[in-house]
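# Commentary on secondary and tertiary structure
Single-letter residue listing:
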Amino acid sequence: MPHLLCLDLGTSAAKAALLDLDGTVHRRAEAPYPTRHAADGTAEQDPRDWERAARAVIVELLEAAPAAKTSVEGAAPAPVPAPDTALDVEVAAIVLTGQMQDLVPVPRSGAARLAILYSDTRAGAEAEELRAALAADGVSWEALTGNLQDATSCAAMHLRLLRTAPEQLADLQGVVFGPAGYLVARMGLGLWCDPTTAATTGLLEARTRDWSPAVARAAGLAPALLPALTAAAGQVVGHAGTEATALLGVPDGLPVVLAPGDAGATTSGIVGLAPGGAYLYLGTSGWLASVLPGAGTSPTGAQDAGGEPDGDEPDGDEPDGVESAGEGSAGEDPAGEGAAGDEPAGVSHHLALGTSSATAEPPILRISALLSAGAAADWARQAVLDGADPARADQLLEAREQERGRGPSGLLALPSIVGERFPVRDGDLRGAVLGIDAGTRGIDLYAAMLEGVAHGLAHGLEHADGPSPRPLPVTGGGAASAPWLRILADVTGRPVRTIDGTDAALLGCALVAAEALGLDHALVPLGARQEAATIDPDPSAAAQHAALRPAHRALYDAAAQVQRLR
């Protein structure tokens, strides 16, 4: 059976796996690389470390499968020694994804030596300068790109680098915006960028899905240096030749597939890329990722280069490369339930996705992120449960549920203990609890905080699935808490199911690559697998939580007003 060699170059390591067309992972490998941080906001990596790590994991996988050969006619197998546990593997392609929103100048010859990461915040002044220059021509940078723009924009990074280290931009082949695109270039296959990564750069027009000449010009970036954009979710951008074999150890003739950047690849691996899919992540931070139809959806009133807004509003720690350093403030007027047309500009990230058989029009990936999810739960356990660990806190929640049944705690809580990004963007906002009375116990306050996280995420959910909405996959450390999962089901009104998202991006790579290569396969996103355990909402509890949603949304604005008066 053909296998796909999938490679994910994240913020801290290269991860690779050999997946067959049933979705079974046969081999895994991982190799770390360092990041250089400094007090001035520096976050940089050396692309040569990406090359070394990528080669290490690829060679490890191929050495574990010494009979590995390409399915390309006439291609030679990789000649490596065989361990006793070797598999006879036919490798159909190498598939690449990775962190997004990096600025990587690619020299005409040799390896790049600098990559400015998505978390680098030194270009704040340049971001403001770009915004002002575009506004002078009647263009809103945010409306043009469909996303909030700040110091982490690749356009602002380029303008800063042009002034502070112009030698880094001399004699370039071009620029790319992540390690996946960089490795493609180093394999001698030209400059490429997938639309999901492109949408994080501050250089892509949301309406046209093409590079913006106006932003490039303002950033001092020659349009000829920008990479070509792939159209499909997974696209064959070439075949490995002598350069690729020397660089990465891959067999000659192997097809090279560029998958979406890591946010898109992870979404593909969890729910697929058809509009209507959504999943929740509960880590230190939390987010809701939703796939929206591209037709008729114009993020944050997307505008063309002439400055005229489209008029349509969107429905209304993130994945690597979905970063925003700037914070606004909560609005004066509540924005309802985050339904279509109600979401204020900038509170969610909107990323383009490539075309696939799942949809006639290329969809949009919307990511709505809470700054504190697991972090808010950790704080609450320390503050109101005497430092109980998660297991003990779950036992207390189970006992409370047996005593009172499922349903709202009677309190409304905001988990915004370090500011907020969704459903409002306000760096000064802080957490709040409303409704405490003489009978309120510590476990009630803890339950309220978990409900607050669930309500915060639910403000971004679509409610258009009909009477039997599809299950909502949940991943991350918080998914280990059964009581929290029941709260999520009740607050969202949707069945939830836990998944292990460890290999989600790699599976997503395999899914888009199998389609790009026209392979018959039985690959299925993690959230659609039958073995995933599902928790249904309690109808009465769900109805009560739905009635509370407008009050919870209004609490963000009330808390922001009080905060400003302090």
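This text follows the structure it describes.
To keep things clear, this report deals only with the structure shown in the data block. (Residues numbered from 1 in each chain as written. Predicted model: local features only at pLDDT ≥ 70, side-chain atom pairs only at ≥ 80, totals over all residues. Heavy atoms only, no water.)

### As for the sheet that holds strand E23 (residues 472–475)
In spatial order, the strands read E19-E20-E18-E17-E23-E24-E25; together these seven strands make up an open sheet with mixed pairing. Here the strands that pair on one side only, and so sit at the sheet edges, are strand E19 (349–352) and strand E25 (534–535). Pairing between strand E18 (residues 286–292) and strand E20 (residues 364–370): seven bridges, direction antiparallel. Paired with Leu288 across the bridge in E20 is Ser368. Across the sheet, helix H9 (residues 262–270) is in contact with strand E17 (278–282), E18, E19, E20 and E23; its angle to E20 comes to roughly 95°. Along the sheet face, helix H12 (residues 442–458) touches E17, E18 and E20 and points at about 155° away from the line of E20. (Pairing = 2+ DSSP bridges. Helix = DSSP H or I, 4+ residues; strand = E, 2+ residues; numbered from the N terminus. Contact = heavy atoms within 4.5 Å. Axes fitted to C-alpha atoms, helices over the stretch in contact; angles between N-to-C directions.)

### Quick word on the sheet that holds strand E5 (residues 43–45)
Taking strand neighbours across the sheet as the criterion, the three strands line up as E4-E5-E9 in an open arrangement whose pairing is antiparallel. One side of each edge strand has no neighbouring strand; the edge strands of this open sheet are strand E4 (36–37) and strand E9 (115–116). One ladder, built from two bridges, connects E4 with E5; its direction is antiparallel. The partner of His37 across the bridge, within E5, is Ala43.

### Some thoughts on the environment of Ala352
Secondary-structure assignment places Ala352 in strand E19. Ala352 sits 13 residues away from Leu365 along the chain, and the two C-alpha atoms are 6.2 Å apart. If near-sequence neighbours (up to four positions away) are discounted, Ala352 is found in contact with Pro195, Thr196, Ala199, Leu204, Arg209 and Pro363.

### Details of unusual backbone geometry
Cis rather than trans, the peptide bond between Phe422 and Pro423 has omega equal to 5°. Secondary-structure assignment places Pro423 in the loop between strand E21 (412–414) and strand E22 (432–434). Notably, Gln101 is not glycine yet its phi reads approximately 70°, a positive angle. What makes Gln101 buried here is its relative accessible area of 3%. Residue Asp171 is not a glycine yet carries a positive backbone phi of 50°. (Buried < 20%, exposed > 50% of the residue type's maximum accessible area, 1.4 Å probe, protein only.)

### A few points about helix H15 (residues 539–565)
Count 3.6 residues to each turn of an α-helix, and residues three or four apart come out pointing the same way. Taking 1.5 Å per residue as the helical rise, H15 with its 27 residues ought to reach 39 Å, and the 40 Å between its terminal C-alpha atoms agrees with that figure. Where H15 bends most, the angle comes to about 40°, and this point is Arg549, followed within four residues by the proline Pro550. Those residues of H15 not exposed but buried are Ala541, Ala542, His545, Arg549, His552, Arg553, Leu555, Tyr556, Asp557, Ala559 and Ala560. In this fold, the buried residues of H15 make contact with E21, E22, H12 and helix H13 (482–492). (Expected span 1.5 Å × (residues − 1). Bend = angle between axes of the 7 residues up to and from the residue.)

### Notes on the side chain of Ser212
Tracing the backbone shows Ser212 in the loop between strand E13 (210–211) and helix H7 (213–218). Discounting residues that sit within four places of it in the chain, Ser212 has contacts with Leu144, Leu203 and Glu205.

### Quick notes on the packing of aromatic side chains
All chains considered together, the criterion is met by three aromatic pairs. On the basis of an interplanar angle of 70° and a centroid distance of 5.8 Å, the ring pair of Trp50 and Tyr182 is categorised as edge-to-face. Note that Trp50 is positioned in helix H1 (residues 47–64) and Tyr182 in helix H5 (residues 179–186), a separation of 132 residues in sequence. Overall, Tyr182 belongs to the buried group, its relative accessible area being 0%. Arranged with centres 5.6 Å apart and planes meeting at 50°, the rings of Phe177 and Trp211 form a pair that is tilted. On the criterion of sequence distance, the pair formed by Phe177 in the loop between strand E10 (172–176) and H5 and Trp211 in strand E13 is long-range, its members being 34 residues apart. Given a relative accessible area of 2%, Phe177 falls into the buried group. (Phe/Tyr/Trp six-rings, centres within 6.5 Å; stacked < 30°, edge-to-face > 60°.)

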